[in-house]
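What follows is the residue order along each chain.
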Amino acid sequence: MIHSVRGPVLEIGLDHAVVEVGGVGLAVYATPATLGGLRRGEQARLATTLVVREESLTLYGFVDAEERELFLLLQTVSGIGPRLALATLAVLEPDTLRRALADGDLAVLTRIPGVGRKSAERLVVELRDKVTAPAASPAAAASPSGVTSTRDQVVEALLGLGFTQKPAEQAVDAVLAGSPDAGPSTLLRTALSSLGRSR
């Protein structure tokens with residue numbers, strides 16, 4: 001098991017970063033929020049877990065061990081693999097996810113791509129007793145359905161990819177104006193496409 005990686009960031013892609021460790025570039029798959037906190041050429045340290053399949057070895061990276069534990073916990077549910085677990089953490093922040101599981105909030109859980117009502121119910125049944133809901137903070141209560149945090153995460157991801165602040169914000173705001181419910185991955189992909197056309 002590769003528990004963590006530390007080294008300079010060589011590349012940042014849509015769904016992964018390449019971190020050099022001991023002269024070897026490791027592709028580490030991560031959420032847009034995690035990727036947004038990285039900068040090309042700067043040192044990074046990520047908590048990681050290695051998923052071994054017959055045909056592949058895939059390394060997943062996280063901001064901290066807590067997020068990694070949620071990633072592993074999600075995969076204990078039947079039908080939830082590493083890709084869907086990562087998509088879950090891309091759409092829902094750890095505190096939001098824990099609160100939704102503890103409260104049985106199916107509306108929040110079905111915002112995850114690939115998770116319908118039955119899958120959301122299974123998540124609640126199997127994980128409700130394994131998570132502790134965080135105390136609600138006034139800032140979280142005032143945030144309108146997480147739009148601001150998602151916007152900021154995607155802008156950060158674009159900055160990490162080398163775009164400047166103003167064009168990145170304009171591209172993200174333009175996408176949100178047309179699709180206010182867009183998830184982080186869709187938002188990032190569409191904004192990147194828009195920025196690519198304007199270059």
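Structure's up top.
Not measured: the values here are computed from a predicted model. (Residues numbered from 1 in each chain as written. Predicted model: local features only at pLDDT ≥ 70, side-chain atom pairs only at ≥ 80, totals over all residues. Heavy atoms only, no water.)

Draft legend 1. Helix α2 (residues 65-74), seen in detail. Listing the buried residues of α2 in full gives E67, R68, L70, F71, L73 and L74. Buried residues belonging to α2 abut α1 (32-36), β4 (43-52), β5 (57-62), α3 (82-91), α4 (94-103) and α6 (117-127). Structurally, the start of α2 carries an N-cap: the backbone nitrogen of E66 is 3.3 Å from a side-chain oxygen of D64. (Buried < 20%, exposed > 50% of the residue type's maximum accessible area, 1.4 Å probe, protein only. Helix = DSSP H or I, 4+ residues; strand = E, 2+ residues; numbered from the N terminus. Contact = heavy atoms within 4.5 Å. Polar contact = N/O pair within 3.5 Å; in protein donor to acceptor, adjacent residues only side chain to side chain.)

Draft legend 2. Layout of the packing of aromatic side chains. By the definition in use, this model includes three aromatic pairs. Both rings, one in Y29 and one in Y60, keep their centres 6.2 Å apart while their planes meet at 50°; by these two values the pair is tilted. With Y29 in strand β3 (residues 24-29) and Y60 in strand β5, this pair connects stretches of sequence that are 31 residues apart. Arranged with centres 5.1 Å apart and planes meeting at 40°, the rings of Y60 and F71 form a pair that is tilted. With Y60 in strand β5 and F71 in helix α2, this residue pair connects regions lying eleven residues apart in the sequence. Accessibility assignment for this pair places Y60 and F71 in one class, buried. Taken together, Y29, Y60, F62 and F71 form an aromatic cluster joined through their ring pairs. The ring of Y29 has R83 lying over it, and the distance from NZ or CZ to the ring centre is 4.8 Å. (Phe/Tyr/Trp six-rings, centres within 6.5 Å; stacked < 30°, edge-to-face > 60°. Lys NZ or Arg CZ within 6 Å of the ring centre and 35° of its normal.)

Draft legend 3. Molecular detail of the packing of α2 against α3. Taken N-terminus to C-terminus, the directions of α2 and α3 make an angle of 135°; their axes are 9 Å apart at the nearest point. Taken together, α2 and α3 sit at an angle that is classed as oblique. Judged by the sense of rotation from one axis to the other, the crossing of α2 with α3 is right-handed. Between α2 and α3, the contacting residues are E67, L70, F71 and L74 on the first element and P82, A85, L86, T88 and L89 on the second. Tallied by class, residues from the contact of α2 with α3 come to seven nonpolar, one polar and one charged. (Axes fitted to C-alpha atoms, helices over the stretch in contact; angles between N-to-C directions. Parallel < 35°, antiparallel > 145°, perpendicular 65-115°, else oblique. Left-handed = near helix turned anticlockwise from the far one by under 90°. Nonpolar A, V, L, I, M, F, W, Y, C, P; charged D, E, K, R; others polar.)

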